[in-house]
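# Structural overview for review
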Amino acid sequence: DAGVIQSPRHEVTEMGQEVTLRCKPISGHDYLFWYRQTMMRGLELLIYFNNNVPIDDSGMPEDRFSAKMPNASFSTLKIQPSEPRDSAVYFCASSLALGGQPQHFGDGTRLSIL
Amino acid sequence: QKEVEQDPGPLSVPEGAIVSLNCTYSNSAFQYFMWYRQYSRKGPELLMYTYSSGNKEDGRFTAQVDKSSKYISLFIRDSQPSDSATYLCATFTSGFQKLVFGTGTRLLVSP
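Bear in mind that the values here come from a model prediction, so they are computed numbers and not experimental data. All residue numbers refer to positions counted from 1 along the written sequence of the respective chain. Chain labels run from A onward and ligand labels from 1 onward, assigned in the order the entries are written. This being a predicted model, a pLDDT of at least 70 is required before a residue's local features are given, and a value of 80 or more before pairs of side-chain atoms are given or counted; all residues contribute to the totals for chains, interfaces and linings. Hydrogens and water molecules were not included; the side-chain quantities draw on all heavy atoms of the structure.

### Remarks on the sheet that holds strand β3 (residues 19-24) of chain A
All names here are of chain A. Note the cut-off: Two strands pair if DSSP finds at least two bridges between them. Each helix is a run of DSSP H or I of at least 4 residues and each strand a run of E of at least 2, with the numbering of both proceeding from the N terminus. Convention adopted: a line fitted to C-alpha atoms gives each axis, helices being fitted over their contacting stretch, and angles between N-to-C directions are expressed from 0 to 180 degrees.
With respect to topology, 4 strands assemble into an open sheet ordered β1-β3-β8-β7, the strand pairing being antiparallel. The two strands at the open ends of the sheet, each matched to only one other strand, are β1 (5-7) and β7 (65-71). When the angles between neighbouring strand axes are averaged without regard to direction, this sheet yields 15 degrees. Taken together, the 3 bridges between β1 and β3 define a ladder with antiparallel strand orientation. By the bridge assignment for β3, Ile5 is matched with Lys24.

The structure is reproduced here in structure tokens:
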């Protein structure tokens with residue numbers, strides 16, 4: 001079975017540019033999560049969706065960050081304009097339900113903002 | 001203070017050793033505990049999941065929870081080089097708002 005698919009795997013861009021990260025969750029999973037991982041802060045939840053609807057975006061750091069889920073098989077995380085401090089690994093995860101169900105992670109997008 | 005604390009390591013052990021990985025947490029409302037394993041340049045994958053205080057065993061892995069001291073542990077018996085990875089503890093409340101992760105402990109098992 002295909003797992004969570006993220007693209008691109010690596011992104012290097014200059015400060016001020018728009019960055020779009022993409023995610024395809026596992027088919028049938030109702031929940032989708034976006035995380036950011038850094039050495040200093042570890043893995044932090046940015047936002048999560050249930051049935052394509054954003055439920056909690058309290059982890060989104062600033063208005064420069066936005067996320068959408070236009071359908072059950074696709075989500076994007078956009079940063080505009082990007083800044084060097086946004087450099088991190090961004091993970092998408094999906095799960096059947098909250099709580100006891102495991103979250104299945106993609107392999108992440110390694111983002112570097114110069 | 002972080003909600004979940006982990007020693008970042010790295011923790012280096014020889015093959016065959018018993019490994020102990022630990023986390024402490026601050027919120028007594030946390031009810032559920034998970035251990036994720038993350039290989040280099042990969043996403044985390046769920047290793048163990050437990051709810052109650054006590055031990056839960058799965059093959060070479062044992063998860064231990066002590067809610068009275070807010071302390072969770074993962075033991076790996078007969079460690080293998082393939083166990084070399086970062087281990088993340090995670091927890092959430094019964095009313096689940098979000099999964100809270102520790103920063104991870106990097107484990108290196110040498111042949």
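After that view of the structure, there is still more to cover.
### Brief notes about the pairing of strand β8 (residues 71-76) of chain B
All names here are of chain B. The pairing of strand β3 (residues 19-25) with β8 spans 6 bridges and is antiparallel. Opposite Asn22, over in β8, you have Ser73 as the bridge partner. In the sheet, strand β7 (residues 61-66) pairs with β8 via 6 bridges, with the strands oriented antiparallel. Looking at β8, one finds that Phe61 is bridged to Ile76. Following β7, the chain reverses through 4 residues before pairing antiparallel with β8; Lys70 in that reversal takes a positive phi of roughly 55 degrees.

### Details of the state of the cysteines
Working definition: the covalent bond between the sulfur atoms of two cysteines is a disulfide. Note the threshold: What counts as a disulfide here is a pair of cysteine sulfur atoms lying within 2.5 Å. To sort residues, take the accessible area from a 1.4 Å probe on protein chains only and compare it with the maximum for the residue type: under 20% means buried, over 50% means exposed, and anything in between is partly exposed.
Scanning the entire structure with this criterion turns up 2 disulfides over all chains. Residue Cys23 of chain A pairs covalently with Cys92 of chain A via a disulfide, S to S 1.9 Å. Given an S-S torsion of about -65 degrees, the disulfide between Cys23 of chain A and Cys92 of chain A has left-handed geometry. Remark: Cys92 of chain A occurs in strand β9 (residues 88-95) and Cys23 of chain A occurs in strand β3; sequence separation between them is 69 residues. Residue class for Cys92 of chain A comes out buried when judged on its relative accessible area of 0%. Covalent S-S linkage joins Cys23 of chain B and Cys89 of chain B, the inter-sulfur distance amounting to 1.9 Å. A torsion of -100 degrees about the S-S bond marks the disulfide between Cys23 of chain B and Cys89 of chain B as left-handed. Linking Cys23 of chain B in strand β3 with Cys89 of chain B in strand β9 (residues 85-93), this pair joins segments that are 66 residues apart in sequence.

### Topic: the side chain of His29 of chain A
Residue and element names in this part refer to chain A. This is how the line gets drawn: For the purposes of these results, a polar contact is taken to be a pair of N or O atoms within 3.5 Å, where, inside protein, one atom must be able to donate a hydrogen and its partner to accept one; residues adjacent in sequence count only when each atom of the pair is a side-chain atom. Contact criterion: two residues are considered in contact whenever any of their non-hydrogen atoms come within 4.5 Å of each other.
In this structure, His29 sits in the loop between β3 and β4 (31-38). Of the residues examined, His29 reaches a relative accessible area of 13% and is grouped as buried. At 3.3 Å, the side chain of His29 and the backbone nitrogen of Ser95 are in polar contact. Other than its neighbours up to four places away in sequence, His29 contacts Ser94, Ser95, Leu96 and His104.

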